[in-house]
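Structure assessment
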Amino acid sequence: MRRLLLVLALLIAGSKAIPGQQQQPLQQEQPTSAKPPNFLFILTDDQDLQLNSPAYMPHTLAWIKEQGIEFQNHFVTTALCCPSRVSLWTGRQAHNTNVTDVHPPYGGYPKFVSQGFNDNFLPVWLQSAGYNTFYTGKLFNAHSIHTYNAPFVNGFNGSDFLLDPFTYSYWNATYQRNHDPPRSYEGHHTTDVITDKALGFLEDALQSDSPFFLTVAPIAPHTNVELEQERGNPVMTEPLPAPRHAHLFPDAKVPRTPHFNPAQLSGVSWIRNLELKNQTVIDYEDHLYRQRLRALQGVDELVDRLLTRLAASGELQNTFIIYSADNGYHIGQHRLPPGKTTGYEEDIRVPFYIRGPGLPRGVSVDRVTTHIDIAPTLFELAGIPLRGDFDGTPMPLARETKSILHEHVTVEYWGRAVLEGEFSRLGPHGSPTMPNNTYKSARILSNEYNLYYSVWCNNDHELYDLSTDPYQMNNLYSRSKVRLLGRPLAAVLDRIDALLLVLKSCQGRTCIEPWKVLHPSGDVRSLKEALDAQYDGFYKAQPKVLYSVCEDGYLIDAEGPQTGYQYRDGLSWEAWT
């Protein structure tokens, strides 16, 4: 198998030092065996990047981030756990998996199965390539004590899954090992339970001469969820750390950024109507923030124990270790109650660290990557030919990479926003959810621009220039007199909307190179190139992204135009149409 090295040209073009870190030479870990590399993937639940929780995890930073690469512009494409995880494990956008929610009919494990993915996702593919595969922790929502064997999850040599309705109970979790019946761990802290299970699977993996793929997916720092005794309804409160961590960080508070409980209203749709929080709510949100940091300490210890054992085994230098989260999290930004499900930075940016053979140490890369890119990346690192149905592209890690530089992220969501925490049960409408949270959006990021554009199902629009408005407080969409990127705002909006029209229904290569759909000649490959004035008429004539109705799932009839026009040199705009 070919040796794996970092593509230094890409790193030099898109990397910079990690702030506050002493610089180290680009030392590379060299593999210690001729077999394909192993993979250890640690996937947390709802872990923020923007609120700075990784800074409270010294073992994770020391073992993984500082010994490898941080992709600092890594995004999820759906800010909700089950759709995000299905996209991660298939390499496809949610509009191509059609798993868009956490429970049926639009999501959850039953929808994953009905879409045919139980026979066609990453662990199955890796097993076919000769890998032993293991998994412990949360897989998908609605993977429950009633559905775990309908059918059993395919693709794993060993598994021990958390099951609903006890997945998020820190002290009353239920796990289900291989094909055994579910087992309750009432009275045991779930992060300690999963640590023992992960170490056990690592021992199993190390006994074989085959390469291994081990995923460890703790629930921290997700909120705690218990069932009401009277009605059986789920009650969502703050995370519950292990007692040994309960006293930590007594002075920590949600970062007081300009968009934390702002005096000025921001956003659109239902977010525009959120009330200013009183001090009681703010105090509770600070408490929830501290509980999240405390709950992550068990994960940090898990990382330390796993990598200590891996180092002792002699396999550390032949193993890629990845650390990330299924989606981000907000607490109080834009006056929002705790939760995810929006397209704002807090919810779509997540930590992503990777160390392994051939990779330099202590490097931070600012090129755009997404969860859709993870499966192609693992394929390339393992020496497996890429699949044609991948919507993503490998991250730039292999010597002979097929990575395609992209400046865009497709962010999409359907259904209700989930409001979390104690006060969210008494939310704006007396409900822990908000309807009509369906939207399509594009995050566009390069050295020259930093934009977020969204179209909601009620046809509200947002446009933020994060280079001057990093907290997304000033919606530019209706400011007709504004100039942006040296052009009238309307001209920029025409280009971004046309890009989003491609991305909202893209498949495979068109998700990676959407400008080629608009300009088949390949002359335009970026927003900057599309802004040339010669294309003004073409983009002005494009169909616009819009919805006919708000739906809770991906229903084509509600999604408006699906395709636009292609630019043909020398033709009038009438000919394009």
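Residues numbered from 1 in each chain as written. Predicted model: local features only at pLDDT ≥ 70, side-chain atom pairs only at ≥ 80, totals over all residues. Heavy atoms only, no water.

Here the focus is unusual backbone geometry. In this structure, Pro 105 follows Pro 104 across a cis peptide bond, with omega equal to 10°. In this structure, Pro 221 follows Ala 220 across a cis peptide bond, with omega equal to 0°. With respect to the helices, strands and loops of the structure, Pro 221 is situated in the loop between strand E8 (212–217) and strand E9 (224–227). The backbone phi angle of Arg 335 is positive, close to 70°, even though this residue is not glycine. Here Arg 335 is to be found in the loop between strand E11 (319–325) and helix H9 (345–348). (Helix = DSSP H or I, 4+ residues; strand = E, 2+ residues; numbered from the N terminus.)

Quick look at the packing of helix H2 (residues 58–65) against helix H8 (residues 279–313) now. At a closest axis distance of 8 Å, the pairing of H2 and H8 adopts a crossing angle of 35°. The two elements H2 and H8 meet at a crossing, and its hand is left-handed. Facing Pro 58, His 59, Thr 60, Trp 63 and Ile 64 of H2, the residues of H8 in contact are Asp 300, Glu 301, Val 303, Asp 304, Leu 307, Thr 308 and Ala 311. Tallied by class, residues from the contact of H2 with H8 come to six nonpolar, three polar and three charged. (Axes fitted to C-alpha atoms, helices over the stretch in contact; angles between N-to-C directions. Left-handed = near helix turned anticlockwise from the far one by under 90°. Contact = heavy atoms within 4.5 Å. Nonpolar A, V, L, I, M, F, W, Y, C, P; charged D, E, K, R; others polar.)

Here we take up the pairing of strand E17 (residues 439–445). Taking burial as the measure, the seven residues of E17 include seven buried ones, the bulk of the element. In terms of strand pairing, strand E14 (residues 408–413) meets E17 through six bridges, oriented antiparallel. Its bridge partner lying in E17, Thr 410 is registered against Ala 442. Looking at chain direction, E17 and strand E18 (residues 450–456) are connected through seven bridges and run antiparallel. Residue Lys 440 lies in a different strand from E18, and its bridge partner there is Val 455. Hairpin connection, E17 to E18: the antiparallel pair is bridged by four residues. (Buried < 20%, exposed > 50% of the residue type's maximum accessible area, 1.4 Å probe, protein only. Pairing = 2+ DSSP bridges.)

Before going further, it helps to examine the environment of Gly 358. For Gly 358, the position within the fold is in the loop between strand E12 (352–355) and strand E13 (363–370). Note on Gly 358: relative accessible area 1%, which makes it buried. Sequence separation between Gly 358 and Gly 68 is 290 residues, and the spatial gap between their C-alpha atoms is 9.8 Å.

Scanning the entire structure with this criterion turns up two disulfides. Here Cys 457 connects covalently by a disulfide to Cys 550, the sulfurs 2.0 Å from one another. On the sign convention where negative is left-handed, the bridge of Cys 457 and Cys 550, at about 95° about the S-S bond, is right-handed. With Cys 457 in the loop between E18 and strand E19 (461–465) and Cys 550 in the loop between helix H15 (536–540) and helix H16 (573–576), the pair connects residues that are 93 residues apart, well separated along the chain. The residue that forms a disulfide with Cys 506 is Cys 511, at a sulfur-sulfur distance of 2.1 Å. Given an S-S torsion of about 100°, the disulfide between Cys 506 and Cys 511 has right-handed geometry. Each member of the pair, Cys 506 as well as Cys 511, carries the same accessibility label: buried. Sequence-ordered numbering of the bonded cysteines in the protein chain gives a pairing of 1-4, 2-3. (Disulfide = S-S within 2.5 Å.)

This structure, assessed with the given rule, holds three cavities of 30 Å³ or more. Estimates place the volume of the largest cavity at around 120 Å³. Lining the largest cavity are 14 residues, and of these Gln 93, Thr 370, Asp 391, His 408 and Cys 511 lie nearest its centre. Mapped onto the lining of the largest cavity, the elements with two or more residues apiece are E14 and helix H12 (509–512). (1 Å grid on protein atoms, 1.4 Å probe; cavity = no way out; pocket = protein on both sides within 12 Å on 5 of 7 lines; lining within 4 Å. Points joined across faces, edges and corners; volume = space filled by probe spheres on them.)

Residue placement: His 371 occurs in the loop between E13 and helix H10 (374–382). The contacts of His 371, once residues within four sequence positions are left out, are His 74, Phe 75, Val 76, Ser 84, Leu 88, Ser 324, Ala 325, Asp 326 and Val 350.

Let us look at the UniProt feature "modified residue: 3-oxoalanine (Cys)" (unreviewed entry) in the protein chain. Per the UniProt record, the feature "modified residue: 3-oxoalanine (Cys)" (unreviewed entry) sits at Cys 81. Of the residues examined, Cys 81 reaches a relative accessible area of 2% and is grouped as buried. Not counting residues up to four positions away in its chain, the partners in contact with Cys 81 are Asp 45, Val 102, Lys 138, Asn 141, Tyr 168, Asp 326 and Asn 327. (UniProt positions renumbered as here; feature names shortened; annotations may be inferred.)

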